[in-house]
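Structural characterization, general
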Amino acid sequence: MTTERYRLGDLVVDGAAGAAMRDGRRLDLPPLSFALLLALVRRAPEVARRRDLADEVWQGAVVNDETLSQRVRLLREALGDTAEAPRYVESVRGWGYRAARPVERFGAGERELTTVAVLPFANLGGDSADDPLCEGLAEEIISALAAVDGLRVIARTSSFAVSRMALDVGQVGERLGAGSVLEGSVRRSGQRVRVTVQLVETAHGGHLWSERYDREPSDVLELEDEIAAGVASRLRSGLAGRDLSRRRPTVNPAARQAYLEGRYHFARATSEALARAAQCYQEAIALDPSFARAFDALAELHWFLGFYGGARPREAFGQSTWHALRALELDEGLAETHALLGMLRKELDYDWPEVERELARARELSPTSADVLLRYAISGLLPHGRLEEALAVVEAVVPTDPLSPFVRWWCGAMAYLARSSEHAADEGRFILRLDPNHFLGHWLVGMALEQVGDFEAAAREMERAIELSGGTPFTLGFAMVPIGRAGHGERVRGILRELAAAASTRYVPPSAFAFGHVGLGERDEALRFLDEAIDERDPLVMPIKSYSFLDPIRDDPRYRRLLGKMNLL
C-alpha cells in the first residue's frame, strides 16, 4: 500500500495503515469499502471509471455494475454520505465515481485536523436585548479558534443553522462533519453575567470539558480567548499551556457591544437590518475611533450594498474603500480587510496587479480564512476566466461551512461559469434541500438548464426565482435570458419596462438591461448596456469572459473593446 495520506473534507485516508479517520477516530470500513475509497482519492479530481475501479479494488475479478453500485452504497452508509447530497463519493452518470470534494495529499509528519463547531449561546435570561451578546460571544470564539493551528472550525452560518434544527449533538456532528461541539449559555442576574460552556464529543455524547464564568457585563466579551484556550488545549494536547491570546488592542466595552449588535443585524441582511447594522458600527466608531474591526465591518457593509444592488456601486465601493483603508491604518494585520480591499480594487479600478498584491497579503496573513479564500476566488481568479481554479478554492471552503447557501451558491456559480452545468444544478438542488424557498437554488437550476438549451424548463425555474426573491433586478436580469430564448419576448419587454420605471427612482444595474437584450437577441442594445455597466462599476459584468450566454457577441469588435476597458485583454 502507498505511504501517502489524503484529506477528503474531514476524512483522512491513510493508505499505509489501511484506515480512514475522522477527527482522529478510526472508521469501521470493510476492506473492500476502504479499497474503493482509496482508489477514488488516488484518482481525484479525475473520474474513476467503473472498469478501473473493478480492476483495482477486486484485482481483476469479474465484477458487474450491480456489485460495484452495492459497494458504493455500503461505503456511503459507512461514511454517513448520500447520493443526493454527496460529501465524499459523487456519481458521474455514465462514467463512474469520483471524490465529491477536493483531495489534498499530505505526508506522514503532518497533523490531521480536528473539527469543532461552536453553537450560538443560549439566552437563559429571556431578555431579547441579550441575543446579540449570545451570538456575538459564539462568533468571537469561532474567530479565536480559527487562528489555532490544527483545528478546523465550522463557520458561523452553518453552526448557527444547525442550532435551529433541534438536533442532538450526534446529528450536529453528522451534518457538519464535526467531532466536537461547544455549547454555552448566558444568564444575566443583576449586575453579574454567568456564562457556562461545555465541549461535547459528537460520536458518543461524552463531555470533554466544561467551565463556568461569572463576570461583570463589561468583562463578558473578554472571555472568548479564555474559552478558546480551554477548547484548544482539550482537543489538541500539544497546545496545552500555550498562550493563545491574539494580543488585540484594548477596545472600549460599549464600542465592542455596539459592534457585536451590528454583526447580529448584518447577519439578517434585510434592508432594515442593514440600516441598523450601519448605525451600530458608526456608534462603535464614535465610542472608540481606534476600533479597526468596526471600520472593517462598515467597509464590508458598504461593499455588500454595492455588490448586491442596494446602492450605486461607484459610491458604495468608494465608501467601502475609505473604511477598509482606515481599518488597515489601525491594524495592518487584518487579513479579511486586505482581501476586501483586493475586491474593491477590482471593482473600482480594474487594477489587477493591485488586486493580486492585496489578495497575496491576505493569504499570507490567513491562508485558511474562508472569507479570504472566497474573495480570492471571486476577485483573483474569476475575472480572468480561471474558473476551474476558482471552483476548487470555493469547494475548499465547503467543509468549514457546509450548510451555507451563500457558499454553495458560489460553488454553483463557479461551476456554471466553468460550463459544468450539472454540477451547478446539483448545488442549486442542495440549496433547495436546505431551504425549498431559497431563490438562489432556483436561480442555479434555471441558469444551468439555460446553458444546456432547455429554455422552457429554465424559464419556469427563473420565474420561481423571481417570485421568491421579490423581483430583485439581479434575478430579473438573468431570468430574461432563458425567458427570451424560450420565445417569450413580450414577457421580457414587460420586465424591461418595469426595470426602466424603477430606474427613475432608484439604482438598477445596467447589466439587468444588457441581459434582457441578450435574451431578445438584440446585440447592439446588449453591448451598449454592457458598456454602461462597466462605467458604472456594475459587479455583475465582472464574469464577462465566462458567461456562456454572451458567446454570440464575442466575435464583435465592440466586445473586445469592453475587455480592454476592464484591462482583461
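Residue numbers here run from 1 along each chain, matching the order of that chain's written sequence. With pLDDT at 70 or above as the cut-off, local features in this predicted model cover only qualifying residues; side-chain atom pairs require 80 or more to be listed or tallied, and sums for whole chains, interfaces and linings still use all residues. To obtain the side-chain values, all non-hydrogen atoms of the structure were included, while hydrogens and water were left out.

Moving on, we come to the overall build of the protein chain. Helix and strand counts for the protein chain come out as 24 helices and 14 strands. This radius of gyration counts C-alpha atoms alone. The globule rule is 2.2 Å times how many residues there are, raised to the power 0.38. In summary, the protein chain has a C-alpha radius of gyration of 25 Å against a globular reference of 25 Å for 569 residues, a match within 12%. Dimensions of the protein chain along its principal axes, counting C-alpha atoms only, are 75 × 65 × 40 Å. The classification of residues rests on relative accessible area computed with a 1.4 Å probe and restricted to protein chains. Under 20% of the type maximum is buried, over 50% is exposed, and intermediate values are partly exposed. Burial statistics for the protein chain: of 569 residues in total, 55% are counted as buried. Residues count as neighbours in contact if any of their non-hydrogen atoms are within 4.5 Å of one another. Relative to all contacts within the protein chain whose residues are 6 or more apart in sequence, the contacts with residues 24 or more apart total 58%. Surface accessibility of the protein chain: about 24,000 Å² in total, with carbon and sulfur atoms responsible for 49%. Runs of E in the DSSP output that reach at least two residues are strands. Runs of H or I that reach at least four are helices, and both are numbered from the N terminus. Every accessible area reported is derived by Shrake-Rupley at a probe size of 1.4 Å, with residue values counting cover from the shown protein chains alone.

Between helix 15 (residues 387-397) and helix 16 (residues 405-417), whose axes approach to 9 Å, the crossing angle comes to 160 degrees. Compared by their axis directions, helix 15 and helix 16 come out roughly antiparallel. Classified by chirality, the crossing of helix 16 by helix 15 is left-handed. Touching L387, A390, L391, V394, E395 and V397 of helix 15 are V407, W410, C411, M414, A415 and L417, all from helix 16. Side-chain classes are defined by residue name, with Ala, Val, Leu, Ile, Met, Phe, Trp, Tyr, Cys and Pro counting as nonpolar, Asp, Glu, Lys and Arg as charged, and the others, Gly among them, as polar. Partitioned by chemical class, the residues of the contact of helix 15 with helix 16 number 11 nonpolar, no polar and one charged. Here, axes are lines fitted to C-alpha atoms. For helices the fit covers the stretch in contact, and angles between N-to-C directions go from 0 to 180 degrees. Throughout, the term roughly parallel applies to angles under 35 degrees, roughly antiparallel to angles over 145, roughly perpendicular to angles from 65 to 115, and oblique to all others. Crossing handedness is defined as follows: a turn of the near helix away from the far one that is anticlockwise and smaller than a right angle gives a left-handed crossing, while the clockwise case is right-handed.

Once that is clear, we can look at the pairing of strand 3 (residues 19-22). Looking along a regular strand, one sees the side chains alternate between the two faces of the sheet. Burial along strand 3 is two-sided: the face carrying A19 and M21 and the face carrying A20 and R22 are both buried. A pair of strands is treated as paired once DSSP finds two or more bridges between them. Inspection of the sheet shows strand 2 (residues 11-14) paired to strand 3 by four bridges, in the antiparallel sense. In the sheet register, V12 faces strand 3, and the bridge partner there is M21. Alignment of strand 3 against strand 4 (residues 25-26), held across two bridges, turns out to be antiparallel.

It is worth spelling out the packing of helix 1 (residues 31-43) against helix 2 (residues 50-57) at this point. In the contact formed by helix 1 and helix 2, the axes pass within 10 Å of each other and the chain directions differ by 125 degrees. Overall, the two elements helix 1 and helix 2 adopt an arrangement that is oblique. Where helix 1 crosses over helix 2, the two elements pack in a sense that is right-handed. Counted together, L32, A35, L36, A39, L40, R42 and R43 of helix 1 and D52, L53, E56 and V57 of helix 2 form the full contact between these two elements. Looking at the contact of helix 1 with helix 2 residue by residue, the class counts come to seven nonpolar, no polar and four charged.

Before going further, it helps to spend a moment on the sheet that holds strand 7 (residues 96-99). The strand order 5-7-6 describes an open sheet built from three strands, whose pairing is antiparallel. Each of the sheet's edge strands pairs with one partner strand only, and the pair in question is strand 5 (48-49) and strand 6 (89-92). Here strand 5 pairs with strand 7 via two bridges, running antiparallel. Paired with A48 across the bridge in strand 7 is Y97.

This part is about helix 1. Since one α-helical turn is 3.6 residues long, residues separated by three or four positions face the same way. Between its terminal C-alpha atoms helix 1 stretches 19 Å, which fits the 18 Å expected from 13 residues at 1.5 Å a residue. Burial in helix 1 covers these residues: S33, F34, L36, L37, L38, A39, L40 and V41. Between the first and last residue of a helix there are one fewer steps than residues, each counted as 1.5 Å, and that sum is the expected span.

With that out of the way, let us pick up the confidence of the model for the protein chain. Confidence per residue, as judged by the predictor, is encoded in pLDDT with a range of 0 to 100. Summing up the model confidence of the protein chain, the mean pLDDT is 88 and the portion of residues at 70 or higher is 95%. Ranking the elements of the protein chain by mean pLDDT puts strand 8 (residues 103-106) last, at 72, and helix 22 (residues 510-519) first, at 98. Contacts from residues 237-246, a stretch scored under 50 in pLDDT, to residues over four places away or in other chains number 16 contacts.

Before going further, it helps to examine the side chain of H265. Looking at the secondary structure, you find H265 in helix 8 (residues 253-266). If we ignore the near neighbours within four places in the chain, the residues touching H265 are A273, R276, A277 and C280.

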